[in-house]
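Results of the structural survey
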Amino acid sequence: MNPIQSFLKNYNGAAVLKFWHAPLIIQGIVITVVLAILAQLTGALIGLLLYFMRRARFKPFEWLANTYIWLFRGTPLLVQILFVYLATSYLNLARPLQAADVFPAIGFDPSGFSAALRPFVAGFLALALNEGAYMAEIVRAGIDSIDSGQMEAAKSLGMTYWKGMRRIVLPQAMRVILPPLGNEFNSMLKNTSLVSVISLYDLLGAAQAIGSPSFLTLELLTIASFWYLVMTSVWTIIQASLERRFNASNLDVGGGGQSIWARLLTPDSLFPFMRRAPAAGR
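Calculation rules
- Residues numbered from 1 in each chain as written.
- Predicted model: local features only at pLDDT ≥ 70, side-chain atom pairs only at ≥ 80, totals over all residues.
- Heavy atoms only, no water.
- Axes fitted to C-alpha atoms, helices over the stretch in contact; angles between N-to-C directions.
- Helix = DSSP H or I, 4+ residues; strand = E, 2+ residues; numbered from the N terminus.
- Parallel < 35°, antiparallel > 145°, perpendicular 65-115°, else oblique.
- Left-handed = near helix turned anticlockwise from the far one by under 90°.
- Contact = heavy atoms within 4.5 Å.
- Phe/Tyr/Trp six-rings, centres within 6.5 Å; stacked < 30°, edge-to-face > 60°.
- Buried < 20%, exposed > 50% of the residue type's maximum accessible area, 1.4 Å probe, protein only.
- Expected span 1.5 Å × (residues − 1).
- Bend = angle between axes of the 7 residues up to and from the residue.
- Salt bridge = Lys/Arg side-chain N within 4 Å of Asp/Glu carboxyl O.
- Polar contact = N/O pair within 3.5 Å; in protein donor to acceptor, adjacent residues only side chain to side chain.
- pLDDT = per-residue confidence, 0-100.

1. Things to note about the packing of helix α3 (residues 23-54) against helix α4 (residues 59-74)
Direction vectors running N to C along α3 and α4 enclose 135°, while the axes themselves pass 7 Å from each other. The angle between α3 and α4 places the two elements in the oblique class. Here the hand of the crossing between α3 and α4 comes out left-handed. Contact residues: I46, L50, M53 and R54 in α3; F61, E62, L64, A65, N66, Y68 and I69 in α4.

2. Describing the packing of aromatic side chains
Across all of its chains, the model carries seven aromatic pairs by this definition. Consider the rings of W20 and W227, whose centres lie 5.7 Å apart with planes at 20°: the pair is stacked. Placement of the pair is W20 in the loop between α2 (13-19) and α3 and W227 in helix α11 (residues 217-248), with a sequence separation of 207 residues. Overall, W20 belongs to the partly exposed group, its relative accessible area being 35%. On the basis of relative accessibility, which here comes to 15%, the residue W227 falls in the buried class. For the pair Y68 and F72, a centre-to-centre distance of 4.6 Å together with 35° between the ring planes defines the contact as tilted. Here the residue Y68 and the residue F72 both occupy positions in helix α4, the gap between them amounting to four residues, near one helical turn. Neither Y68 nor F72 differs from the other in exposure class; each is buried.

3. Regarding helix α7 (residues 117-144)
With 28 residues, α7 extends 40 Å between its outermost C-alpha atoms, agreeing within 8% with the 40 Å of an ideal straight helix rising 1.5 Å per residue. At A133, α7 shows its strongest bend, of approximately 30°.

4. A few points about the pattern of salt bridges
Scanning the entire structure with this criterion turns up four salt bridges. With its nearest N and O atoms 2.6 Å apart, the salt bridge here joins R55 to D144. Taken together, the residues span a long stretch of sequence, with R55 in the loop between α3 and α4 and D144 in helix α7 at a distance of 89 residues. Notably, a salt bridge pairs K59 with E62, separated by 3.0 Å at the nearest N-O pair. Pair noted here: K59 and E62 are both in helix α4, with a separation of three residues, about one helical turn. Here K59 falls in the exposed class, since its relative accessible area comes to 56%.

5. What about the side chain of T32?
Looking at the element boundaries, T32 is found in helix α3. Engagement of the side chain of T32 in a polar contact is seen with the backbone nitrogen of L203, the distance being 3.0 Å. If we ignore the near neighbours within four places in the chain, the residues touching T32 are L189, T192, D202, L203, Y228 and M231.

6. Focus: the confidence of the model for the chain
Overall, the prediction assigns the chain a mean pLDDT of 79, with 77% of residues at 70 or greater. Mean pLDDT values over the elements of the chain span from 46, in strand β1 (residues 96-97), up to 93, in α4. With pLDDT under 50 throughout, residues 96-115 is counted as low confidence; its partners more than four residues away or in other chains account for 30 contacts. Note that pLDDT drops below 50 for residues 270-274; the model gives that stretch eight contacts with residues more than four away or on any other chain.

In structure tokens form, the structure reads like this:
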């Protein structure tokens, strides 16, 4: 019997069909998506803050920002997750947390499922803090790509620095920031799998929780891989739609007083494949 025949004989395809939509797997997907979104948003805000700290005239701010970036870019993410998890042992986060406590509107059946608040908080903090260091460089590249005359023109129109940054510079910088930002979120969806080492039932943690006792580890890893591909593929479509919208807009800051963010981040912009066809005769 050759290796391929041996593999096919021992691989339990029926188990894949049985567990690919198990409640624990679906709940793991939800935790993965929620954790990735929260960590990415927080990391983006941290990156923006670090950018302004590095541009501050107060030198200790610049030193703190550079040290932060050096530290989190220079150490492995897995080490950071374990470090934060052990550090949170000093906090009162040991209360059992049921799925219904976190996602009450989703209506998942929490029976047989329990996650600890401490691993969730530790995973979120570690992922967000790590992402902030990388987002700082992405934000710097985006904002610094805009000609300084844009801010000078904004000030000549009576805008403050912060208003000019929000209304003029940042919308234009988003054209540069968005592609690497999208790639970072794609990586974030996969990096959340590292929190399984601190006993959080994300997608990978749920797959291991089912596969290890039943000796179906390879089959459950197949299921986890499938769902990671689904999540990253959906995000790829959304990212492409956003990039097309920002490029096609020419970053017009007019629009009848409507915010550029409101015009760019519309449902039709994010999900163009869901647009309804115009009614006949119109």
